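Coordinate inspection notes
If you want the building blocks of each chain, they are given just below.
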Amino acid sequence: MSEQYILALDQGTTSSRAILFDRAGHIHGTAQQEFRQIFPNPGWVEHDAHEIWKSQLSVSQQVMREHHLTAADIAAIGITNQRETTVLWDRNTGEAVANAIVWQDRRTANLCDSLRADGYGPLFQQKTGLIIDGYFSGTKLRWLLDNVPGARERAERGELAFGTVDSWLMYKLAGVHLTDTSNASRTMMFNIHTLDWDDELLSVLKIPRAILPKVVPGSGIAAQTSAEFFGTAIPIAGIAGDQQAATYGQACFHSGMVKSTYGTGCFILMNTDKAVTSQNNLLTTVGWTTGHAQPHKTDYMLEGGVFMGGATIQWLRDGLGIIKNSSEVESLASSVPDSDGVTFVPAFSGLGAPHWDAYARGTMLGITRGTTAGHIARAALEGIAFQTADVVSAMQKDATIPLKELRVDGGAARNNMLMQFQADILGVPVVRPQVTETTALGAAYLAGLGVGFWSTQDEIAAQWRMERVFEPQMPETLRAEKLGVWARAIDRARNWA
């Protein structure tokens, strides 16, 4: 093949990025552009869908221009995206009818309360693998149909199109209305067992089926870009929501493999191969559907999200002012041998999986006159690791698969002290890869597999390279003691507000 690169479009919550990967899975070039965050009311978060599109197109063209590449040099495009963010647009004009409602937005909390009160929780969990929550796209779409003038009538007539951000980009790039199974599985409207939109759930949510995209595998040629953007058409052959893409980029292809991404929050996903219904307050979600194998193969995941990961470190910087930039937290925490009995539960906006307590609040316990900024910094890092350990523990109970190692990525994964404590408190090795841009890499791998740039998942797995492994060093008795103290601290933080 004459093509040399895969172009990954990494459309995130605060910026759009384009990254070129070569055949060895190495980064050849990158471009990034931030866009506005819109906060019209307390708890509301919106994006201008047109800004998302313009920024993503701009960085895609920029990275190709800077590296003197034409469409002929790009084997395929892979798309990965902020999940659950909801876009509604006019099919004819291609214009969004309102701002996109972002995954962080909480405006539909009351609607979710009423759905739960009406007893729909078990139905949604059984069919979608999700809990009823305003985090997911379904209630956001319902809000748009109910609150944008004329939207419901136009939707019933088939004039409008709904999509998550991957669908919006596909529509703008290629004029098609598609999504993949991983993104569809985050909407609260998709049956993860039949791999189709579910009419019963659509009826409950009052959403017309006519506005939903066609669901395709995440790997395989889904469309061709319009020639106007890159000179000639380029196949779009990979699509995945950001956390599933990161799991793919970490080559977690086999049952029992787990990755944790340490971003603003922490997202932990375990490959379970088949759909496992959680008894421990985790989400069951589609990882990916690969289209190169016949019949298509769908891998399923258990997922747990921690709200405050890197955001805890940002609070030490912006809220407390005990560090000037986030990179200083490791040296401050290293200035003391331990947390001196301080335990910090960073439940600033409630607790995520497996506790799901919206009324929990940030709690610091064990403070004495001898407590210093170093002890607080150390307790904050430990709090991130403890939250991750709670999710991993729930996963092991659900999947009954013993954990062998944890693969890590994201900004805070560069913090050696945090990674060592994570290994200690889990009792298994924590493994950091050489390429930590795993989200974009996963989208690239799915796209490359879809056009034969890479031939098999085994070939991709062979490219994964370890940068450093953190072996557990904590005695079992001390680990049990620390986990016991953490459990007591969680109890104190719960149901506070």
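For clarity, every value in this text was computed on a predicted model and none was experimentally measured. (Residues numbered from 1 in each chain as written. Predicted model: local features only at pLDDT ≥ 70, side-chain atom pairs only at ≥ 80, totals over all residues. Heavy atoms only, no water.)

Concerning the pairing of strand β16 (residues 266-273)
Definition in use: Under the scheme applied here, a residue whose accessible area is under 20% of the maximum for its type counts as buried, over 50% as exposed, and between as partly exposed, the area being computed with a 1.4 Å probe on protein chains only. Secondary structure elements are defined from DSSP: runs of H or I of at least 4 residues count as helices, runs of E of at least 2 residues count as strands, and each element is numbered from the N terminus. Between any two strands, at least two bridges found by DSSP are needed for them to pair.
Buried residues dominate β16, accounting for 7 of its 8 residues. One ladder, built from 5 bridges, connects strand β15 (residues 258-262) with β16; its direction is antiparallel. Bridge pairing in β16 places tyrosine 262 opposite cysteine 266. The antiparallel hairpin formed by β15 and β16 contains 3 residues in its connecting segment. As judged from the 7 bridges shared by β16 and strand β18 (residues 297-306), these two strands associate in the antiparallel manner. Within β18, the residue paired with cysteine 266 across the bridge is valine 306.

Describing the state of the cysteines
Simply put, the disulfide is a covalent bond whose two ends are the sulfur atoms of two cysteines. As a reminder, the rule being used: Throughout, disulfides are identified as pairs of cysteine sulfur atoms within 2.5 Å of each other.
For the coordinates displayed, the defined rule picks out 0 disulfides. Distance from the sulfur of cysteine 266, which forms no disulfide, to the nearest cysteine sulfur (cysteine 252) is 16 Å. A residue is classified by how much of its surface remains accessible, and cysteine 266, at 0% relative accessible area, is buried.

Side note on the pattern of salt bridges
Applied cut-off: Salt bridges are defined by distance alone: a side-chain nitrogen of Lys or Arg within 4 Å of a carboxyl oxygen of Asp or Glu.
In this structure the tally under the stated criterion is 31 salt bridges. Of the charged contacts in the structure, one is a salt bridge between arginine 378 and glutamate 382, with a shortest N-O distance of 3.8 Å. Of this pair, arginine 378 and glutamate 382 both sit in helix α13 (residues 373-399), separated by 4 residues, roughly a single helical turn. Taken as a pair, arginine 378 and glutamate 382 share a single burial class, namely buried. The salt bridge involving arginine 407 is made with glutamate 405; its shortest N-O contact spans 2.9 Å. Here arginine 407 falls in the buried class, since its relative accessible area comes to 11%. Residues joined in a network through salt bridges with shared partners are Arg83, Glu84, Arg186, Asp242 and Glu303.

Here's the deal with the side chain of serine 260
How we decide: Any two residues whose heavy atoms approach within 4.5 Å are treated as being in contact.
Here serine 260 lies in strand β15. We classify serine 260 as buried; its relative accessible area is 0%. Apart from residues no more than four positions distant in its own chain, serine 260 is found in contact with Phe267, Ile268, Thr388, Leu406, Arg407, Val408 and Asp409.

Some details on the packing of α13 against helix α14 (residues 416-426)
Applicable threshold: Note on method: axes are straight lines fitted to C-alpha atoms, helices fitted across the in-contact stretch only, with angles between N-to-C directions ranging 0 to 180 degrees. Each angle gets one of four labels, with under 35 degrees taken as roughly parallel, over 145 as roughly antiparallel, 65 to 115 as roughly perpendicular, and the rest as oblique. In this scheme, a crossing is called left-handed if the near helix is turned counterclockwise away from the far one by less than a right angle; it is called right-handed if the turn is clockwise. Residue type decides the class: Asp, Glu, Lys and Arg count as charged, Ala, Val, Leu, Ile, Met, Phe, Trp, Tyr, Cys and Pro as nonpolar, and the leftover types, Gly among them, as polar.
It is at 9 Å that the axes of α13 and α14 come closest, and there the two elements cross at 45°. Between α13 and α14, the interaxial angle falls into the category oblique. Considering how the two elements wind past one another, α13 and α14 form a crossing that is right-handed. Across from Arg378, Leu381, Glu382, Ile384, Ala385, Phe386, Thr388, Ala389 and Val392 in α13, the residues of α14 making contact are Met417, Leu418, Phe421, Gln422, Ile425 and Leu426. Residues belonging to the contact of α13 with α14 are distributed by class as follows: 11 nonpolar, 2 polar and 2 charged.

The quantities given are spatial measurements derived from coordinates; they are silent on function.
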